[in-house]
Amino acid sequence: MTTDLTASARVRPDVAPIQRRTLSLLFGTQIIGGIGVTIGVAVGALLAARIAGTAVAGLTQSAAVVGAALLAIPITRITNGHGRRPGLAVAYLVGAIGAVLVVFAAATRSVPLLLLGSLLFGGGAAANLQARYAAVDLAEPARRGRQLALIVWATTIGAVAAPNFAALADTVTDGWGLPPLAGPYAFSAAAFVLAAGVLLALLRPDPLLTARRLEATDTAVASPPPTTEPPAGGLTVAPTSVARRGAGMRAAWQVVRDRPPARLGVAAVAVGHAVMVAVMSMTPVRLGESHGDADVLRVVGIVLSLHIAGMYALAPLVGWLADRLGRRAVILGGVALLLAACAIAGTADHHTPQLTVGLVLLGLGWSGTMVGGSTLLSESVPATVRPSVQGFSDLTMGLAGASAAAISGFVMRAAGYPVLTLLAAIVAVPLVALALRRGPVGAPDRED
């Protein structure tokens, strides 16, 4: 017997109000969490430069990225065993601890404490990433793309507002005896604690646990297991479901390996993120080659702001297209935009407007691969292993982005920006073949 994982067996009007409440809470906490993440990132490099010099300035951001990737493993374990609510809350609380450690590092001028705090600070970013998956646990199949994209888009509000709070936070905390630039991290800690508290108090019932119960019920109705004697509680639970709830990264990899749609989802998210990070991280250096010190920061700010707008501002439209045209079509469109972005940015020479167009397209391409890939991945696996597979995807994405950022500097120095964009485009090309390849009809999205 088989159970279709991509469509509901029947309409569940009782689930609709739970999903609306879940989306409202996630939307609000994404804004709060986005403020917490971005307000710290806005001053992180400056704080590190004051404590340890310019050479260390970039390490704080790298540590936060790596921390967000590695924290996906324990967060997945918590989510598997107890649901989305404690998983997201713990991630935010770890981010809050990291922010507090950064404040102590600023007060003591301790570089090791600064890097440890930055590593744990990545918990806030990990929570923001995981929240997009909570949005589709109970979503109707025809609305999964839009609802996931809505939570991705909510992060934009916090990310855009946060830099404007950095100076205010520094001014407010100046009277508390905190060193300069430590105040924003104190505000980050408060934002993360607030987000965790809201989720713990209000995200009830848990969307993942509810989805698991509904899936188990559908499976039992479709193929009731042969039993000679019911258990004491009168409730029969499939042993495979119980076993898979504790699945780790190795089991997640096996699930991804055996399901072509899941493989495509993981690959789209990771490759799209790697291409975006590689090109975006070296763009300020490219702009610095053609603009003087008096103008470069202003130009970099404008270009990167438009790039971030491309990443997030149209996410709801991308989600709508994923629902209307299909996940694969949106992934292919995202890859096409990434290739166009690499071509335009790589041939821009020192023409800043053309380079800006390339960065906007780069953001749009990332949005297509992220929304399309995340939605496809979530609906390609059963609820019992979904958190493990999603955590595996975020781990892969984070490590791919960190590796791309590290390698891009060497490529930029050795061969230049045009070669970097060419290599990034080559990395994206295999996604086209993977997206066009289809397995046996019905097989990828069904569970024995």
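Residues numbered from 1 in each chain as written. Predicted model: local features only at pLDDT ≥ 70, side-chain atom pairs only at ≥ 80, totals over all residues. Heavy atoms only, no water.

Looking at an unreviewed UniProt entry, one finds the protein chain named Major facilitator superfamily MFS_1, with Salinispora arenicola as its source organism.

A. Expanded view of the overall build of the protein chain. A count of helices and strands for the protein chain gives 18 helices and 2 strands. Per-residue burial for the protein chain yields a buried fraction of 51% across its 448 residues. Across the protein chain, contacts joining residues at least 24 apart in sequence account for 85% of those joining residues at least 6 apart. Accessible surface for the protein chain amounts to roughly 19,100 Å². Of this, 68% is attributable to carbon and sulfur atoms. (Helix = DSSP H or I, 4+ residues; strand = E, 2+ residues; numbered from the N terminus. Buried < 20%, exposed > 50% of the residue type's maximum accessible area, 1.4 Å probe, protein only. Contact = heavy atoms within 4.5 Å. Areas by Shrake-Rupley, 256 points an atom, 1.4 Å probe, with all protein chains shown as cover.)

B. Structural view of the pattern of salt bridges. Under the defined criterion, the tally for this structure stands at 9 salt bridges. Linking Asp 137 and Arg 84 is a salt bridge whose minimum nitrogen-to-oxygen distance equals 2.7 Å. Note that Asp 137 is positioned in the loop between α5 (111-134) and α6 (144-174) and Arg 84 in helix α4 (residues 84-108), a separation of 53 residues in sequence. With a relative accessible area of 7%, Asp 137 lands in the buried category. Among the residues examined, Arg 84 registers a relative accessible area of 2% and is labelled buried. Where Asp 323 meets Arg 327, a salt bridge forms, and the shortest distance between an N and an O atom there is 2.8 Å. Residue classification places Arg 327 among the buried positions, given a relative accessible area of 10%. (Salt bridge = Lys/Arg side-chain N within 4 Å of Asp/Glu carboxyl O.)

C. The arrangement of the side chain of Ser 388 in detail. With respect to the element layout, Ser 388 can be found in helix α16 (residues 386-415). The buried category is assigned to Ser 388, whose relative accessible area is 0%. In this structure the side chain of Ser 388 is engaged in a polar contact, spanning 2.4 Å, whose partner is the side chain of Asn 80. (Polar contact = N/O pair within 3.5 Å; in protein donor to acceptor, adjacent residues only side chain to side chain.)

D. Here's a closer look at the packing of helix α3 (residues 72-82) against α16. Contact geometry for α3 and α16: axes closest at 9 Å, N-to-C directions at 170 degrees. Put simply, α3 runs roughly antiparallel to α16. Residues Ala 72, Ile 73, Thr 76, Thr 79 and Asn 80 of α3 form the contact with α16, whose own contacting residues are Pro 387, Ser 388, Gly 391, Asp 394 and Leu 395. Classifying every residue of the contact of α3 with α16 gives 4 nonpolar, 5 polar and 1 charged. (Axes fitted to C-alpha atoms, helices over the stretch in contact; angles between N-to-C directions. Parallel < 35°, antiparallel > 145°, perpendicular 65-115°, else oblique. Nonpolar A, V, L, I, M, F, W, Y, C, P; charged D, E, K, R; others polar.)

E. View of the packing of aromatic side chains. Enumeration according to the criterion identifies 6 aromatic pairs in this entry. Arranged with centres 6.0 Å apart and planes meeting at 35 degrees, the rings of Phe 27 and Trp 153 form a pair that is tilted. Taken together, the positions of Phe 27 in helix α1 (residues 15-52) and Trp 153 in helix α6 put the pair 126 residues apart, joining distant regions of the chain. Residue Phe 27 is classed as partly exposed on the basis of its relative accessible area of 22%. Both rings, one in Trp 253 and one in Phe 392, keep their centres 6.2 Å apart while their planes meet at 40 degrees; by these two values the pair is tilted. Here Phe 392 lies in helix α16 and Trp 253 lies in helix α10 (residues 249-258), a separation of 139 residues in the sequence. Trp 253 gets classed as partly exposed once you look at its relative accessible area, which sits at 41%. Classification of Phe 392 as buried rests on a relative accessible area of 16%. (Phe/Tyr/Trp six-rings, centres within 6.5 Å; stacked < 30°, edge-to-face > 60°.)

F. Up close: the packing of helix α14 (residues 327-346) against helix α15 (residues 352-379). Where α14 contacts α15, the two axes come as close as 7 Å, and the packing angle between them is 155 degrees. When the interaxial angle is binned, α14 and α15 end up roughly antiparallel. Pair α14 / α15 crosses with left-handed handedness. Here the residues of the contact of α14 with α15 are counted per class, giving 16 nonpolar, 9 polar and 2 charged. (Left-handed = near helix turned anticlockwise from the far one by under 90°.)

G. Quick peek at helix α11 (residues 260-288). The end-to-end C-alpha separation of α11 is 43 Å, in line with the 42 Å expected for 29 residues at 1.5 Å each. When the local axis directions of α11 are compared, the greatest deviation, roughly 30 degrees, occurs at Met 282, which is followed within four positions by the proline Pro 284. Counting buried positions along α11 yields 22 of 29 residues, so the element is predominantly enclosed. (Expected span 1.5 Å × (residues − 1). Bend = angle between axes of the 7 residues up to and from the residue.)

H. Broad picture of a nonpolar patch on the surface. The grouping of Phe 165, Leu 168, Val 172, Trp 176 and Phe 187 at the surface amounts to a nonpolar patch, some 480 Å² of accessible area in total. For the nonpolar patch, the leading source of residues is α6, giving 3 residues. Look at Trp 176 and you get exposed, because its relative accessible area is 57%. (Patch = residues over 30% accessible without salt bridge, like charges linked within 9 Å, V, L, I, M, F, W, Y side chains within 5 Å.)

I. Focus on the nonpolar core. Formed by 51 residues in total, the largest nonpolar core has its most connected members in Val 275, Leu 355, Leu 362, Tyr 417 and Leu 431. For this core, the leading source of residues is α11, giving 11 residues. Three or more residues apiece are contributed to this core by two domains, here domain 1 (15-205) and domain 2 (248-437). In contact with Leu 431, other than residues within four places in its own chain, are Leu 264, Ala 267, Ala 268, Val 271 and Val 335. By size, the runner-up hydrophobic cluster in this structure holds 38 residues, among which are Val 37, Ala 89, Ala 96 and Leu 203. (Core = buried A, V, L, I, M, F, W, Y, C linked by side-chain atoms within 4.5 Å. Domains from an automatic or database assignment.)

J. Main features of the environment of Val 389. In this fold, Val 389 is placed in helix α16. Distance in space between the C-alpha atoms of Val 389 and Val 256 is 7.1 Å, their sequence separation being 133 residues. The residues contacting Val 389, other than those within four sequence positions of it, are Ala 252, Val 255, Val 256, Leu 377 and Val 381.

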